[in-house]
Amino acid sequence: MSALFSPIELGPVALANRIVVSPMCQYSAIHGDAQDWHLAHLGQLAVSGAALVMTEAAAVEPEGRISHHDLALASDENEAALHRVIGFCRRHGGAKLGIQLAHAGRKGSAHVPWMGQRGLGPGEDPWETLAPSPIPFGDGWPTPRAATDEDLARLVTAHAEAARRAKRLGFDVIELHAAHGYLLHEFLSPISNQRTDAYGGSLENRMRLPLEIFEAIRGAVGPGIALGARITGSDWLPGGITPAEAAALGQELERRGCHYLDVTSGGLVPHAKIEIGPGYQVPFAEAVKRAVSIPVMSVGLIVRPDQAEEIVASGRADLVALARTILDDPRWPWHAAEALGAEVARPNQYQRAAPAVWPGQSYKGAANA
Ligand SMILES: Cc1cc2nc3c(=O)[nH]c(=O)nc-3n(C[C@H](O)[C@H](O)[C@H](O)COP(=O)(O)O)c2cc1C
């Protein structure tokens, strides 16, 4: 019996296996609206065999986008555009569907990555960015405005409103993005948060905004939807967030009704020295998992089926989220099922490529082992 292909529940939502498509910005939206690209991208992933497909980060207000081409869920138009995409995924795919709600904070007003990771210049329709403190992300990045009490109140409302839209769209899962150096991570880390009010200083104060927002989302959607958070296990910086702080945040989220945690790391500043290698963030998931009783996902350079199986079977994490791995091979769950002797759902249209009925199977060799 494969652990990776065993079912699990995220609160009210039952998943067929432990494979999650990690959120991946596509920088292909117009005014925050999903386009045909999103239909093709999320559509293929919804038939991939992964039990849960997360959308990319969707901004809760236009200024919460990273670039002009980020997805947003802040208007009726944004909602209608996603409705078409989600409708396709529902009709044709077996995967449960989740949306990641986000605000880019001081990493906003930037170019799309393939134009170089840098802030927009004066003639490029930049906008004023927001952060806990007026400290730029890095050299050459705009200095953000420190969020006022009014901003904080608006951010809570914007997240709740986006969550209401996500519920109307029929999402099974809503994930709050509190990692990768975006706004809520900026509040959590003492490196980017140097406030002296109730939202800065102690860990309790730095957690205040993310927890208020989580509670507002929970209040907006009620039961029936699984709620999760993507949190950072480490800033990879002296004086930054540690796995122990991540575990404490995980406990506070669990206490407030969070159904799962997705543990990642890094992204707060451009210069952090991250020790990258296969499964390099698994120890962070493990540290958080020891502190909570809700399921924990691991993500980051999880590439091989045997590696994913080991992470779940050993109990170091309950689920694996795949990003580049599944861009590289959108049939990864099929190939992993083959390698691990498990079954995975395929759409009817593709049944004829199933290993049991396709004579070509025996000629494929070990490329996917
Ligand atoms: C194209 C791309 C876009 C991404 N966009 C997001 C995003 O919207 N939200 C997020 O939390 N992480 C995002 N990430 C990070 C991934 O979700 C994941 O954490 C990271 O890539 C490590 O997993 P991997 O080694 O399987 O790629 C993105 C990664 C890629 C490659």
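This text follows the structure it describes.
Throughout what follows, the structure given in this document is the object of discussion. The shown structure was predicted, so the numbers you read here are calculated from the model rather than taken from an experiment.

Our focus in this paragraph is the pattern of salt bridges. Under the criterion given, the structure shown has 19 salt bridges. Close ionic contact of Glu 245 with Arg 206 constitutes a salt bridge, the shortest N to O distance being 3.2 Å. A residue pair is termed long-range when its members are at least 10 positions apart, and Glu 245 in helix α6 (residues 243-255) and Arg 206 in helix α5 (residues 203-221) qualify at 39 residues. Arg 255 is the salt-bridge partner of Glu 252, the closest N and O atoms lying 2.5 Å from each other. Placement of both Glu 252 and Arg 255 in helix α6 is noted, with a separation of three residues, approximately one turn of the helix. A residue is classified by how much of its surface remains accessible, and Arg 255, at 60% relative accessible area, is exposed. What you see here is one network of salt bridges that share partners, running through Glu 61, Glu 128, Arg 145, Asp 151 and Arg 154.

Every one of the 17 residues lining the ligand counts as a neighbour, but Ser 22, Pro 23, Cys 25, Leu 301 and Arg 324 are closest to it. A distance of 3.5 Å is found between a nitrogen atom of the ligand and a side-chain nitrogen or oxygen belonging to His 180. Take Arg 324: an N or O atom from its side chain is 2.5 Å from an oxygen atom of the ligand. Here the ligand loses 83% of its free accessible area of 600 Å² to cover by the protein chains. Because more than half of its atoms lie within 2 Å of the grid, the ligand is assigned to the largest pocket. Of all the secondary structure elements, the ones that give two or more residues to the shell around the ligand are β4 (52-59) and α9 (324-328). Counted by class, the shell around the ligand contains eight nonpolar, six polar and three charged residues.

On to empty space enclosed by the protein, then. One pass over the structure, following the stated rule, counts three cavities of 30 Å³ or more. One number sums up the size of the largest cavity: a volume of about 50 Å³. The wall of the largest cavity is formed by Leu 188, Leu 203, Thr 232, Ile 241, Glu 245, Ala 246 and Leu 249. With three residues, α6 is the single largest residue contributor to the lining of the largest cavity.

Turning our attention to the environment of Cys 258. Position of Cys 258 relative to the elements: it lies in the loop between α6 and β11 (260-264). You can call Cys 258 buried: its relative accessible area is 3%. Residues Cys 258 and Glu 215, 43 residues apart in the sequence, show an inter-C-alpha distance of 9.3 Å. Excluding residues that lie within four positions of it along the chain, Cys 258 makes contacts with Phe 214, Leu 227, Gly 228, Ala 229, Leu 253 and Ile 294.

Quick notes on the rules
- Residues numbered from 1 in each chain as written.
- Predicted model: local features only at pLDDT ≥ 70, side-chain atom pairs only at ≥ 80, totals over all residues.
- Heavy atoms only, no water.
- Salt bridge = Lys/Arg side-chain N within 4 Å of Asp/Glu carboxyl O.
- Helix = DSSP H or I, 4+ residues; strand = E, 2+ residues; numbered from the N terminus.
- Buried < 20%, exposed > 50% of the residue type's maximum accessible area, 1.4 Å probe, protein only.
- Near = heavy atom within 4 Å.
- Polar contact = N/O pair within 3.5 Å; in protein donor to acceptor, adjacent residues only side chain to side chain.
- Areas by Shrake-Rupley, 256 points an atom, 1.4 Å probe, with all protein chains shown as cover.
- 1 Å grid on protein atoms, 1.4 Å probe; cavity = no way out; pocket = protein on both sides within 12 Å on 5 of 7 lines; lining within 4 Å.
- Sits in = over half its atoms within 2 Å of the grid points.
- Nonpolar A, V, L, I, M, F, W, Y, C, P; charged D, E, K, R; others polar.
- Points joined across faces, edges and corners; volume = space filled by probe spheres on them.
- Contact = heavy atoms within 4.5 Å.

Treat this as a map of the structure, not an account of what it does.
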